[in-house]
Amino acid sequence: MNKVPLTLRGAELLKEELQRLKSVERPAVIEAIAEARSHGDLSENAEYDAAKERQGFVEGRIAELEGKISNAMIINPAELDADGRVVFGATVELMDLETEDQVTYQIVGDDEADIKVCKVSVNSPIARALIGKEAGDVAEVLAPGGIREYEVLDVKYI
């Protein structure tokens, strides 16, 4: 399996979720199954069916997280030395050349991407256009509404 790039913070969040699933969710599901079993006939027991379904989800998510963590290539942006170029983990300040709006994005792995907190996937069109650029460069991004141009104002590794 290929290595999955994760920032240090992204890896911490996955480990926290895994710990919660193992220490809180899994025991709660086991307890719910035991409770449902105590009600007798399992063939018509909706509580039992729901608990078993939840157990399948929890166990599947645990396996998925363990796989991602074991295949993670953890990158600490603060330790990068990319000579001012945009690389995985970098935080990039941009200006939309059409609207002159300024935005800041961090380039992260697919599992960490969340546009609401300005984290974009390394596989997104904007990140692919930015990789390798440095302050002063212009990146052309093929967006759904056409080509957008962004000037790189600053690149940080935090």
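Everything numeric in this text was worked out from a predicted model, so none of it was measured.

### Re the overall build of the protein
Regarding its fold elements, the protein presents three helices and seven strands. Listed by position from the N terminus, the elements making up the protein come as β-α-α-β-β-β-β-α-β-β. If you line up the protein on its principal axes, its C-alpha atoms span 70 × 35 × 25 Å. Here the protein, with 158 residues, has 34% of them falling under the buried criterion. Partitioning the intrachain contacts of the protein with sequence separation of at least 6 by distance along the chain shows that 53% fall at a separation of at least 24. Entry remark: accessible area of the protein is about 9500 Å², with carbon and sulfur atoms responsible for 51%. Charge separation in the protein, taken as the distance between the mean sites of 18 positive and 32 negative side-chain charges, equals 5 Å.

### Some thoughts on the UniProt feature "domain: Transcription elongation factor GreA/GreB C-terminal" (unreviewed entry) in the protein
The sites that carry the UniProt feature "domain: Transcription elongation factor GreA/GreB C-terminal" (unreviewed entry) are, in the present numbering, residues 83–157. Helix makes up 8% of residues 83–157 and strand makes up 44%, while its end C-alpha atoms are separated by 10 Å.

### What about unusual backbone geometry?
Even without being a glycine, Glu 100 presents a positive backbone phi close to 65 degrees. The residue Glu 100 is located in the loop between β3 (91–96) and β4 (102–108) in this model. Looking at Glu 100, the relative accessible area reads 59%, which means it is exposed. Even without a glycine there, the phi angle at Cys 118 is positive, about 60 degrees. On the secondary structure map, Cys 118 appears in the loop between β4 and β5 (119–121). Here Cys 118 falls in the partly exposed class, since its relative accessible area comes to 35%.

### Digging into the pairing of strand β7 (residues 146–156)
Looking at chain direction, β3 and β7 are connected through six bridges and run antiparallel. Looking at the pairing, Met 95 lines up with Glu 151 of β7. Relative to β7, strand β6 (residues 138–143) is paired through six bridges, and the arrangement is antiparallel. Bridge assignment links Val 138 to a residue of β7, and that residue is Glu 151. Counting the residues in the hairpin turn of β6 and β7 gives two residues.

### Description of the domain arrangement of the protein
By domain assignment, the protein separates into domain 1 (4–75) and domain 2 (77–156). Using C-alpha coordinates to define each centre, domain 1 is positioned 34 Å away from domain 2. Contact between domain 1 and domain 2 buries roughly 700 Å² in total, counting both sides, with carbon and sulfur atoms accounting for 68%. Its largest share of buried area at the contact with domain 2, domain 1 owes to Pro 5, Thr 7 and Ile 75, together 62% of the area lost on that side.

Definitions and limits used
- Residues numbered from 1 in each chain as written.
- Predicted model: local features only at pLDDT ≥ 70, side-chain atom pairs only at ≥ 80, totals over all residues.
- Heavy atoms only, no water.
- Helix = DSSP H or I, 4+ residues; strand = E, 2+ residues; numbered from the N terminus.
- Buried < 20%, exposed > 50% of the residue type's maximum accessible area, 1.4 Å probe, protein only.
- Contact = heavy atoms within 4.5 Å.
- Areas by Shrake-Rupley, 256 points an atom, 1.4 Å probe, with all protein chains shown as cover.
- Lys, Arg positive; Asp, Glu negative; His and termini not counted.
- Charge placed at Lys NZ, Arg CZ, Asp CG, Glu CD.
- UniProt positions renumbered as here; feature names shortened; annotations may be inferred.
- Pairing = 2+ DSSP bridges.
- Domains from an automatic or database assignment.
- Buried area = accessible area lost by both parts, 1.4 Å probe.

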